[in-house]
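Notes for the structure review
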Amino acid sequence: QVQLVESGGGLVQPGGSLRLSCAASGSIFRINLMGWYRQAPGKQRELVATITSDGGTVIADSMKSRATISRDNAKNSLYLQMNSLRPEDTAVYYCRFVLTSPTSVSLIYWGQGTPVTVSS
């Protein structure tokens, strides 16, 4: 079993910055893909950013030039640096890991989320 725990969310004023963290624990063999998603009230969960095992990244259009995704392989951790935050960035942010087990089974794990509120 693998568990993901997010941290770093909170209340920030428009134009401010936050750094979110996600730490994975449990039986981890290989991580193929890591990503951040967010879900605002009344909205569908949407992609924020992803990073592959070889370091390739994808950033959502709404967050380009404002967000950076990174990882620490030794710690099985994922990070999201967000700058110039806007009220529309308010959401619960979730990390997501796609793993491959020793038996070559692809597994998806989600964290419980960390809320981000951007408000004056």
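See the structure printed just above.
Now for a quick tour of the structure. Note that the coordinates shown come from a computational prediction; the quantities given were computed from them, not determined experimentally.

Some thoughts on the overall build of the protein chain
Within the protein chain, the secondary structure is distributed over zero helices and 11 strands. The order of α-helices and β-strands along the protein chain, N terminus first, is β-β-β-β-β-β-β-β-β-β-β. Since a compact globule built from 120 residues should have a radius of gyration of about 14 Å, the 14 Å found for the protein chain is in line with a globular shape. Dimensions of the protein chain along its principal axes, counting C-alpha atoms only, are 50 × 25 × 25 Å. Out of the 120 residues in the protein chain, the part that is buried amounts to 40%. Long-range pairs, those at least 24 residues apart, make up 54% of the contacts in the protein chain with a sequence separation of at least 6. Here the protein chain displays about 6400 Å² of accessible surface, and carbon together with sulfur accounts for 48% of that area. The average position of the 11 basic charges and that of the 7 acidic charges among the side chains of the protein chain differ by 2 Å.

A word on the nonpolar core
In this structure, Trp-36, Leu-78, Leu-80, Met-82, Tyr-93 and Phe-97 are the most contacted members of the largest nonpolar core, which totals 29 residues. Contributing elements (two or more residues each) for this core: strand S1 (2-7), strand S3 (18-26), strand S4 (30-39), strand S5 (46-52), strand S7 (67-72), strand S8 (77-82), strand S9 (91-100) and strand S11 (114-118). For this core, the leading source of residues is S9, giving five residues. Non-local contacts of Met-82, meaning those with residues more than four positions away in its chain, are made with Gly-16, Ser-17, Leu-18, Leu-20, Met-63, Arg-66, Ala-67, Tyr-93 and Val-116.

Quick notes on unusual backbone geometry
Its identity is not glycine, yet Ser-84 carries a phi of approximately 50°, on the positive side. Judged by its relative accessible area of 40%, Ser-84 falls in the partly exposed class. At Ser-104, a position not held by glycine, the phi torsion is positive, near 65°. Note that Ser-104 resides in the loop between S9 and strand S10 (106-110). Accessibility expressed as a relative area gives 62% for Ser-104, which makes it exposed.

Some words on the pattern of salt bridges
Taken as a whole and judged by the stated rule, the model has four salt bridges. Here Glu-46 ties to Arg-38 by a salt bridge, and the two come within 2.7 Å at their closest N and O atoms. You can call Glu-46 partly exposed: its relative accessible area is 37%. For Arg-38, the salt bridge identified is with Asp-89, shortest N-O distance 3.0 Å. Taken as a pair, Arg-38 in strand S4 and Asp-89 in the loop between S8 and S9 lie far apart in primary sequence, 51 residues in all. By sharing partners, the salt bridges in this structure join Arg-38, Glu-46, Arg-66 and Asp-89 into a single network.

Each value, and the rule that gives it
- Residues numbered from 1 in each chain as written.
- Predicted model: local features only at pLDDT ≥ 70, side-chain atom pairs only at ≥ 80, totals over all residues.
- Heavy atoms only, no water.
- Helix = DSSP H or I, 4+ residues; strand = E, 2+ residues; numbered from the N terminus.
- Rg over C-alpha atoms; globule rule 2.2 N^0.38 Å.
- Buried < 20%, exposed > 50% of the residue type's maximum accessible area, 1.4 Å probe, protein only.
- Contact = heavy atoms within 4.5 Å.
- Areas by Shrake-Rupley, 256 points an atom, 1.4 Å probe, with all protein chains shown as cover.
- Lys, Arg positive; Asp, Glu negative; His and termini not counted.
- Charge placed at Lys NZ, Arg CZ, Asp CG, Glu CD.
- Core = buried A, V, L, I, M, F, W, Y, C linked by side-chain atoms within 4.5 Å.
- Salt bridge = Lys/Arg side-chain N within 4 Å of Asp/Glu carboxyl O.

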